[in-house]
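Take a look at the letters that make up each chain.
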There are 2 protein chains.
Amino acid sequence: MLPGIGVFGTGDIVRALVPFLRAKGFRVEAVWGRTLEAAENVATELNIPFHTNKVDDVLLRKDVDLVFIICQPDLHAQIAVKALGIGKHVLCDRPAGLCQLEVLKMVHAAQYYPSLISVISHGLRFLPAFVHMKRQIEAGYVGVVNVCDVRVHCGSMIGNQFDWMCSHLMGGGILTMVGSHIIDIVSFVTGQRANRVHGMMRTFTKSTEKINGIRWIDSDDFCSFQMILDGGSCVTATLNSHMAGGFTQEVVVCGSRGRLVVRGANLYGQNHTAEKEEQLHEGPDDVAHLTNKNNSARINSLLPQPYLQGLFRLVGALKEAFATGDGEHGWLKEPVSSAATFEDGQYVQAVIDAIKLSSASRQWEQVTVASDENELNPLMTRLNLPNINMSSLDALSQAPTNRPPPQRKVTSTESHLPWSFATKH
Amino acid sequence: MLPGIGVFGTGDIVRALVPFLRAKGFRVEAVWGRTLEAAENVATELNIPFHTNKVDDVLLRKDVDLVFIICQPDLHAQIAVKALGIGKHVLCDRPAGLCQLEVLKMVHAAQYYPSLISVISHGLRFLPAFVHMKRQIEAGYVGVVNVCDVRVHCGSMIGNQFDWMCSHLMGGGILTMVGSHIIDIVSFVTGQRANRVHGMMRTFTKSTEKINGIRWIDSDDFCSFQMILDGGSCVTATLNSHMAGGFTQEVVVCGSRGRLVVRGANLYGQNHTAEKEEQLHEGPDDVAHLTNKNNSARINSLLPQPYLQGLFRLVGALKEAFATGDGEHGWLKEPVSSAATFEDGQYVQAVIDAIKLSSASRQWEQVTVASDENELNPLMTRLNLPNINMSSLDALSQAPTNRPPPQRKVTSTESHLPWSFATKH
């Protein structure tokens, strides 16, 4: 049976997602909002039976077995760690957290409960164009990967009022919102991870007609970053939210024998010896009708079509994992085996942290993926984040060690091959 | 009367340019090649009356008044300085020289003979799309310029045999060949110059089927660079010659009010409040028929359509300058007033030098435009160039101070407003 779902968040993406979850057969049991009013509005609009502004009220519900954390990034880690501790499956929106320390706590929680699903919403991994791109690269279409060249152009991500998207301390900005997906997908298709990064971030639009009071926008609206991958490939990415009127994304992978390009949701390729570029995959347009037309402009910049399509396909994979799973053991690993784990989320966060550092230090920075929280002390000092979230998180993170894991039966294969460790580590 | 032309160089661009020069009414009197055989071949093919492999034999000819220096970059400075000393007008291909020291010597020579034309072949300045882009930026279409985002994709620039394009010490590589144009055009349209730069250069293709002997390719085939302009704008540029099968170039300028984009030779724009992008200028296709179809592949990567169109328009402007000029004083300034001067070439070279340094030092580097050769000593040490060219150049550069400037009558306005000083300095 499909698990009941609790949703954290009240944004436009929730409004697009809930109808899709239902179409897939999921029951949406509860919604959490930062304010009771926001929660009530969404519950009424989407006909969700329960709403609250208290995290525990959703997590402790017996009819909720899977939580979707789609709220502001500074709350992701707290909710995810607590949810796993209570024995709920978790899908967490990107970026996983505010900094690597937060995500590391999530990783530890996921490792402690390997029988629970814990994935990051990097839906591009499920977009057929990128699935095919990865296969073609593995099959040698481009030869040795030399260059990845990524360009994302979109309109402003800032809404009509001041919210977390305006604040880099709360996880807003084009690097965390879009860059996180790019960092993940480059690593996914090439099978390589970044060793060193360089970044240039800027906030050009510090106020708008609607946001011009005491609080200013300080999240990045432009970011250019470069990565040297562990296989020697060079990556350069330009994320530009000053291109009103549309979203365009191009991911180019060039190698010794040819190149592959994903434009939007389509895949193209050309061998060095070929005369012309060939279309290798035509992207689907099968979810466009599910998005509410009224929200399309904001959704287009916060979660453009290829990302939304990917997210929906990830949800489809989740459904398969539960629907085809043995009734007793809950779910099967295979359908979601290519999803981004919390470890993948930690890697992405480590790269984001290093790009932010580089933009401030004006130097290349090493990407350090830590396995112990103490390793991150020097990095945290340099990142200069406020320690409010850290202390509240520290209290939360004690939970797993203070009590036994939730009483769930685990199959023998699962216990030997916990799903969270299934990807390269 | 139009001046007779001496051409230095025997490459494919010469084969495309000479017929065009004749179509404009110029007489091509002499051609120089690195070997007598190469010179003879071109002379025969293009029906040029005189050929030689001795620089002086072209420069000292009485029927040659204007020289086109379109040979390997390590020879540009020597020939340009000598040509001006003998009293010839000069059009020099990009990059102006191998390093800023070389170009500074060219600048000094040009300053010493202000009545002579001395321009760099940055033809994009004459491409209507960029002319209109500059005008629109000046008219406030984009508001304050925040971001310039440039992407150039092309096929390999390496030919069938080892030549200067394979060697970074001889001026080869995508940064000098394409990046020089980009650095110049960004400065031209925005009216801003780079203060600091960051670069990442790579040579992924070190050998080919034809070039796999003792000598290896060490010129860059991939370059990503970033610039902070003196007005605070950020520039990011990706130059990628691993995209076989075509040339695409996009120059995006985003500002506080809107954006402008030149794609190929077309100009598009969108105001932030507008629904859709509008086409502001449709590029010409009026020179395609002049390029020899047999050479088109190589020319396409060495000098793609927009650059070729721009170069031809620059030649058209030169014709106008001479044709409409007072017969006694030779030429009029106005038609070529927007061309890139040797000072502009020095700025471009200073940026190229800084990008090369940055790629090696992995740090941001200051752009230093020197007015005295001694200022460049620390830079030259860091650039680590062989001093063979320097010593031969030192000998050459003495020429201007040893003898009086050539006997040419100079109009009073010219002497007060020497053309070489006409741009910002």
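In this text, all values refer to a predicted model and were calculated from it rather than measured experimentally. Along each chain, the written sequence defines residue order, and numbers are assigned to residues from 1. Each chain gets a letter, beginning with A, and each ligand a number, beginning with 1, in the order they are written. Given that this is a predicted model, residues contribute local features only at a pLDDT of at least 70 and side-chain atom pairs are listed and counted only at 80 or more, while totals for whole chains, interfaces and linings are drawn from all residues. Computation of side-chain values covers all heavy atoms of the structure but excludes hydrogens and water.

J.: So what exactly am I meant to see when it comes to the overall build of chain A here?
T.: Helix and strand assignments follow DSSP, with helices taken as H or I runs no shorter than four residues and strands as E runs no shorter than two, numbered in order from the N terminus. Of the regular secondary structure elements, chain A holds 14 helices and 16 strands. Classification of residues uses two cut-offs on accessible area relative to the type maximum, computed with a 1.4 Å probe and protein chains only: under 20% is buried, over 50% is exposed, and between them is partly exposed. Here chain A holds 425 residues, and 61% of them are scored as buried. Nonlocal contacts in chain A, meaning residues at least 24 apart in sequence, comprise 71% of its contacts between residues at least 6 apart. Of the roughly 16,400 Å² that chain A leaves accessible, carbon and sulfur atoms contribute 49%. Pairs of residues are marked as contacts when any of their non-hydrogen atoms sit within 4.5 Å. In this description, accessible areas are obtained by the Shrake-Rupley approach with a 1.4 Å probe, and a residue is regarded as covered only by the protein chains that are shown.

J.: Any chance you could explain the interface of chain A and chain B here in plain terms?
T.: Often the size quoted for an interface is simply the accessible area lost on bringing the parts together. Counting from both sides, the interface comprises 34 residues of chain A and, opposite them, 34 residues of chain B. Taken together, the two surfaces of chain A and chain B that pack against each other cover about 3,300 Å², and 56% of this comes from carbon and sulfur. If you sort the residues of chain A by the area they bury against chain B, Arg151, Phe204 and Arg362 of chain A come out on top, with a joint share of 17%. The rule for a salt bridge is simple: a side-chain nitrogen of Lys or Arg has to be within 4 Å of a carboxyl oxygen of Asp or Glu. The tally of links from chain A across to chain B stands at four salt bridges. A salt bridge links arginine 151 of chain A to aspartate 149 of chain B, with the shortest nitrogen-to-oxygen separation between them at 3.7 Å. As used in this structure description, the phrase polar contact means that two N or O atoms lie within 3.5 Å; if the pair is within protein, one of them must be able to donate a hydrogen and the other to accept it, and residues adjacent in sequence are counted only when both atoms belong to side chains. Counting across the chain A and chain B interface gives 11 residue pairs in polar contact (both at pLDDT 80 or more). The term buried area denotes the loss of accessible surface (1.4 Å probe radius) that occurs when two parts are joined, taken as the sum for both partners.

J.: So what exactly am I meant to see when it comes to the sheet that holds strand E10 (residues 234-240) of chain A here?
T.: Strand pairing within a sheet occurs via backbone hydrogen bonds; the two strands may be parallel or antiparallel. All names here are of chain A. DSSP calls a pair of strands paired once it identifies at least 2 bridges connecting them. Taken in spatial order, the nine strands line up as E14-E13-E12-E11-E7-E10-E9-E8-E16 in an open sheet, and their pairing is mixed. Edge positions in the sheet fall to strand E14 (278-281) and strand E16 (365-366), since each has one partner strand and no second. Pairing of strand E8 (residues 194-202) with E16 involves two bridges; the strand directions are antiparallel. In the strand pairing of E16, valine 197 is matched with glutamate 365. Axes here mean lines fitted to C-alpha atoms, for a helix over just the part in contact, with angles spanning 0 to 180 degrees between N-to-C directions. In this fold helix H6 (residues 128-138) packs onto strand E7 (145-153), strand E11 (248-255), strand E12 (258-263), strand E13 (266-271) and E14, with an angle of close to 170 degrees to the strand it touches most, E12. Sitting on the sheet, helix H7 (residues 174-190) is in contact with E7, E8, strand E9 (222-229), E10 and E11, with an inclination near 25 degrees to E9.

J.: Sorry, what's going on with the pairing of strand E11 (residues 248-255) of chain B here?
T.: Along any regular strand the residues' side chains alternate between the sheet's two faces. Residues and elements named next belong to chain B. E11 sits mainly inside the fold: seven of its eight residues count as buried. As paired strands, strand E7 (residues 145-153) and E11 are joined by eight bridges and run antiparallel to one another. Directly across from valine 152, in E11, lies its bridge partner glutamine 249. Where E11 lies against strand E12 (residues 258-263), five bridges are found, and the strand directions are antiparallel. Bridge pairing links valine 253 to leucine 260 in E12. Between E11 and the antiparallel strand that follows it, E12, lie two residues.

J.: Can you walk me through the packing of helix H6 (residues 128-138) of chain B against helix H7 (residues 174-190) of chain B in this structure?
T.: Helix packing for two helices is described by the angle between their axes and how far apart those axes are. Residue and element names in this part refer to chain B. H7 packs onto H6 with a crossing angle of 40 degrees between their chain directions and a minimal axis gap of 8 Å. Taken together, H6 and H7 sit at an angle that is classed as oblique. For the pair H6 and H7, the contacting residues are Phe130, Met133, Lys134 and Ile137 in the first and Ile185, Phe188 and Val189 in the second. Of the residues assigned to the contact of H6 with H7, the class counts are six nonpolar, no polar and one charged. Convention used here: angles under 35 degrees read as roughly parallel, angles over 145 as roughly antiparallel, angles from 65 to 115 as roughly perpendicular, and any remaining angle as oblique. Under this grouping Gly is polar, as are all residues other than the nonpolar Ala, Val, Leu, Ile, Met, Phe, Trp, Tyr, Cys and Pro and the charged Asp, Glu, Lys and Arg.

J.: Would you mind going over the relation of the copies chain A and chain B with me for this structure?
T.: The operation linking the two copies of the chain is a rotation about an axis combined with a translation along the axis. Least squares is the method for superposing the copies, and the C-alpha atoms it fits come from residues with pLDDT of at least 70 in both. Least-squares fitting of chain A to chain B yields an RMSD of 0.0 Å, with the superposition described by an axial translation of 0.0 Å and a rotation of 180 degrees. Considering both components of the superposition, the chain copies are consistent with a two-fold axis. The rotation axis passes nearest to the C-alpha of glutamine 363 of chain A in chain A, at a distance of 2.6 Å. By residue overlap, the copies meet face to face through one surface: 100% of the interface positions of chain A are interface positions in chain B.

J.: Could you clarify how one ought to interpret the pattern of salt bridges in this entry?
T.: Where charged atoms from two side chains of opposite charge come close, those side chains can pair. Applying the stated rule across the entire model yields 32 salt bridges over all chains. Here arginine 94 of chain B ties to aspartate 93 of chain B by a salt bridge, and the two come within 3.5 Å at their closest N and O atoms. A salt bridge links arginine 263 of chain B to glutamate 277 of chain B; the shortest N-O distance between them is 3.0 Å. Residue arginine 263 of chain B is located in strand E12, and its partner glutamate 277 of chain B is located in the loop between strand E13 (266-271) and strand E14 (278-281); the two are separated by 14 residues in the primary sequence. Judged by its relative accessible area of 28%, arginine 263 of chain B falls in the partly exposed class. Take glutamate 277 of chain B: its relative accessible area is 30%, and that puts it in the partly exposed class. Several salt bridges share partner residues, and in doing so they unite Asp149, Glu250, Arg259, Arg263 and Glu277 of chain A together with Arg151 of chain B into one network.

J.: I keep staring at the UniProt feature "domain: Gfo/Idh/MocA-like oxidoreductase N-terminal" (unreviewed entry) in chain A and nothing clicks. Help me out?
T.: UniProt positions are given in the numbering used here, feature names are shortened, and annotations may be inferred rather than shown by experiment. When the UniProt feature table is mapped onto this chain, "domain: Gfo/Idh/MocA-like oxidoreductase N-terminal" (unreviewed entry) is found at residues 5-113 of chain A. From the first C-alpha to the last, residues 5-113 of chain A spans 19 Å; its make-up is 50% helix and 19% strand.

J.: Looking at this structure, I do not really get the nonpolar core. What am I missing?
T.: Note on soluble globular proteins: their nonpolar side chains tend to be buried together. Here, nonpolar core means buried Ala, Val, Leu, Ile, Met, Phe, Trp, Tyr and Cys residues that are tied together by side-chain atoms lying within 4.5 Å of each other. The biggest cluster of nonpolar side chains holds 88 residues, and the ones touching the most others in it are Phe68, Met133, Ile182, Phe225 and Met227 of chain B. Residues within four places of methionine 133 of chain B in sequence aside, it is in contact with Val189, Val251, Val253, Leu260, Val261, Val262 and Leu267 of chain B. If you look at the next biggest cluster of nonpolar residues, it comprises 87 residues, including Val189, Phe225, Leu229 and Leu314 of chain A.

J.: Please explain the packing of aromatic side chains as it appears in this structure.
T.: How two aromatic rings sit relative to each other is given by the distance of their centres and the angle of their planes. Residue and element names in this part refer to chain A. Any pair of Phe, Tyr and Trp rings, taking the six-membered ring for Trp, is counted once the centres come within 6.5 Å. Such a pair is stacked with planes under 30 degrees apart, edge-to-face with planes over 60 apart, and tilted for the rest. A complete count under the given rule lists 10 aromatic pairs over all chains for this structure. Ring plane angle 90 degrees and centroid distance 5.2 Å describe the contact between tyrosine 112 and tyrosine 113, whose orientation is recorded as edge-to-face. On the basis of relative accessibility, which here comes to 37%, the residue tyrosine 112 falls in the partly exposed class. We classify tyrosine 113 as buried; its relative accessible area is 2%. Where phenylalanine 247 meets tyrosine 307, the ring centres are 5.7 Å apart and the plane angle is 75 degrees; that geometry is what we call edge-to-face. Of the two residues, phenylalanine 247 sits in the loop between E10 and E11 while tyrosine 307 sits in helix H9 (residues 305-323), which places them 60 residues apart along the sequence.

J.: What is the right way to look at unusual backbone geometry in this model?
T.: Peptide bonds are trans in most cases, and residues, glycine excluded, mostly fall at negative phi. All names here are of chain A. Of note, the amide linkage connecting arginine 94 to proline 95 takes the cis form, showing an omega dihedral of -15 degrees. Even without being glycine, asparagine 47 reaches a positive phi, approximately 60 degrees. On the secondary structure map, asparagine 47 appears in the loop between helix H2 (36-46) and strand E3 (50-52). Asparagine 47 sits in the exposed class, given a relative accessible area of 63%. The backbone of arginine 362 shows a phi angle near 60 degrees, a positive value even though the residue is not glycine. Counting through the fold element by element, arginine 362 comes out in the loop between helix H10 (342-361) and E16.

J.: Quick question: what am I supposed to make of the UniProt feature "domain: GFO/IDH/MocA-like oxidoreductase" (unreviewed entry) in chain A here?
T.: Mapped onto this numbering, the UniProt entry gives "domain: GFO/IDH/MocA-like oxidoreductase" (unreviewed entry) at residues 130-260 of chain A. With 20% helix and 34% strand, residues 130-260 of chain A has end C-alpha atoms that lie 10 Å from one another.

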